[in-house]
Each structure stands twice: as structure tokens, then as C-alpha cells.
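Okay, here's what each chain looks like letter by letter:
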Amino acid sequence: FSLLSPFFFFAVNPCISVEVYTPGELTVENGTLAKLSCTFKSSEVVHSTTVIIWRFKDEGSTSEPVKVLVYMGGKPYPSDSRFKERTTWVGDLNKKDASIQIDKVTFKDNGTYICEVMMPNDVGGKPKELKLRVVEKGNLPMSNVPFLVGIICAAIGGILLIAIIVFAVVITKKKKSRKSYTG
């Protein structure tokens, strides 16, 4: 039995799995920039040996994903693929953010992006996927935010109107009750 045996290593240093998160889907307009968000959670301290790998798989492709960017040793290394000149590291490992940005996205950028975080003591974490949809300018899906803001404003306005009416009725009744008193 040796202290260097795998059994001893795992018994003394139990493996913890890093958890990776992406929004799952992102829709952007052709020719704009796309921020591919990826965050992670770990009980371990982020270390200089932490490695982030971003890969891309074409929509409908059965081939292996290509590397978009590798971040290691505190530096980003864009791949030699079509993303090299357009990809920027925008993450901050101290904030457990492994995001990247792709400038001037085109329809060829439609597909699945895979974010993988590897930490020295956090093994077995699963990479997460983000599906990017590039659409023509002016064709972004409508946001529900304006609709929700409208509903909230209408509700607040309705409540204020009811409060004003109730206040006016109470004041009117008090004035009438004072006039009818003949003490």
C-alpha cells in the first residue's frame, strides 16, 4: 500500500464536481455581437490552473465540435478556426464567470456552443450547451418586458384610482354628517 495510490488520493481528497451554467439559448441579430454567458459554481477556490474550453458544433452537424477559445494560465487563446479574430474573453474567473463574446456574428455561427470548466480539485463537471440563433436585423423575438410593464402600470393606476374614489367618498360622508348634526 503506497500513499501515492489512487485509493489514498481519493480518500484524502474527495472529488467535488464543478457546476456549469449557461442560459441554454441566445438569439442575436446578424452582424452584431453575441455575449455567450457561462458561469460556474464550485466550493473550491479558483486556481491559476483552472481551464475553460469553449467549443462550437454546427447546426445539424455530426462531426466533433471545434475549439473556439481556450482560457488557461490566466490568458485566452482563441482557436485557429473562423472565430479567431472575432472572439474575446469577457469572463472573470474571480467572479466564476467564463463568458466570451463573438463579434460580427453571421448565419454560419448558428449552432451549439459548449462551455467546459475544469478545476484541479473539481472533476467530473458536465459541460453546458448554449444554442445560438442568428436572425436577420429587425427580426429579434419580441420581449415580454413592455407588456409586463404595461400590466404593472395599469394595475398601479387602478389601485390609485380606487384609493382616490374611496378617499373622496369618506370625505364627502364626513362633511354630510357634520352638516346634519344640530347639537
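Cut-offs used in this document
- Residues numbered from 1 in each chain as written.
- Predicted model: local features only at pLDDT ≥ 70, side-chain atom pairs only at ≥ 80, totals over all residues.
- Heavy atoms only, no water.
- UniProt positions renumbered as here; feature names shortened; annotations may be inferred.
- Helix = DSSP H or I, 4+ residues; strand = E, 2+ residues; numbered from the N terminus.
- Buried < 20%, exposed > 50% of the residue type's maximum accessible area, 1.4 Å probe, protein only.
- Contact = heavy atoms within 4.5 Å.
- Pairing = 2+ DSSP bridges.
- Disulfide = S-S within 2.5 Å.
- Patch = residues over 30% accessible without salt bridge, like charges linked within 9 Å, V, L, I, M, F, W, Y side chains within 5 Å.
- Areas by Shrake-Rupley, 256 points an atom, 1.4 Å probe, with all protein chains shown as cover.
- Salt bridge = Lys/Arg side-chain N within 4 Å of Asp/Glu carboxyl O.

Per an unreviewed UniProt entry, the protein chain goes by the name Ig-like domain-containing protein and belongs to Aquarana catesbeiana. Turning to the protein chain, the UniProt annotation filed under Subcellular location (unreviewed entry) states: "Membrane".

**Some words on the environment of Glu129**
With respect to the element layout, Glu129 can be found in strand S11 (residues 128-135). On the accessibility criterion, Glu129 (44% relative accessible area) is partly exposed. Considered as a pair, Glu129 and Trp54 are 75 residues apart in the sequence and their alpha carbons are 9.7 Å apart. When neighbours within four sequence positions are excluded, Glu129 is seen to be in contact with Thr22, Gly24, Thr112, Tyr113 and Ile114.

**Observations concerning the pairing of strand S6 (residues 66-72)**
Here is the key point about a regular strand: its side chains alternate between the two faces of the sheet. Two strands pair when backbone bridges link them, and strand S5 (residues 51-58) and S6 are joined in this way by 5 bridges, in the antiparallel orientation. Bridged to Trp54 within S6 is Leu69. When S6 meets strand S7 (residues 75-78), the two strands line up antiparallel, connected through 4 bridges. Residue pairing in the sheet places Leu69 in a bridge with Pro78 of S7. The antiparallel pairing of S6 with S7 creates a hairpin that spans 2 residues between the two strands, and Gly73 there sits at a positive phi of about 60°.

**Details of the state of the cysteines**
Scanning all chains against the criterion turns up 1 disulfide. The side chain of Cys38 participates in a disulfide bridge whose partner is Cys115; the two sulfur atoms lie 2.0 Å from each other. Measuring the twist about the S-S bond at about -80°, one finds the Cys38-Cys115 disulfide to be left-handed. With Cys38 in the loop between strand S3 (34-36) and strand S4 (39-41) and Cys115 in strand S10 (residues 111-118), this pair connects stretches of sequence that are 77 residues apart. For the pair Cys38 and Cys115, a shared accessibility class is recorded, and that class is buried.

**Side note on the environment of Phe40**
As for its placement among the helices and strands, Phe40 is situated in strand S4. On a C-alpha basis, the gap between Phe40 and Val20 in space is 4.3 Å, while along the polypeptide they are 20 residues apart. Ignoring anything within four residues of it in the chain, the contact list for Phe40 reads Val18, Glu19, Val20, Tyr21, Val46, Leu93, Lys96, Asp97, Ala98, Val117 and Met119.

**Side note on a nonpolar patch on the surface**
There is a patch of nonpolar side chains on the surface, built from Ile152, Ile156 and Leu160 and spanning about 290 Å² of accessible area. Along the chain, Leu160 falls in helix H2 (residues 145-179). With a relative accessible area of 52%, Leu160 lands in the exposed category.

**Examining the pairing of S5**
Note that S5 and S10 share 8 bridges and pair antiparallel. Each bridged residue has a counterpart across the sheet, and for Asp58 the counterpart in S10 is Gly111.

**Digging into the pattern of salt bridges**
Under the defined criterion, the tally for this structure stands at 4 salt bridges. Arg55 is paired through a salt bridge with Glu116; the nearest N and O atoms lie 2.7 Å apart. In this pair, Arg55 is assigned in strand S5 and Glu116 in strand S10, connecting sequence segments 61 residues apart. For Glu116, a relative accessible area of 17% puts it in the buried group. With a shortest N-O distance of 3.7 Å, Asp109 and Arg82 are connected by a salt bridge. Of this pair, Asp109 sits in the loop between strand S9 (100-102) and S10 while Arg82 sits in the loop between S7 and strand S8 (87-89); the two residues are 27 residues apart in sequence, bridging distant segments of the chain. For Asp109, a relative accessible area of 0% translates into the label buried. Among the residues examined, Arg82 registers a relative accessible area of 39% and is labelled partly exposed. If you follow the salt bridges from partner to partner, you end up with Asp58, Arg82, Arg86 and Asp109 in one network.

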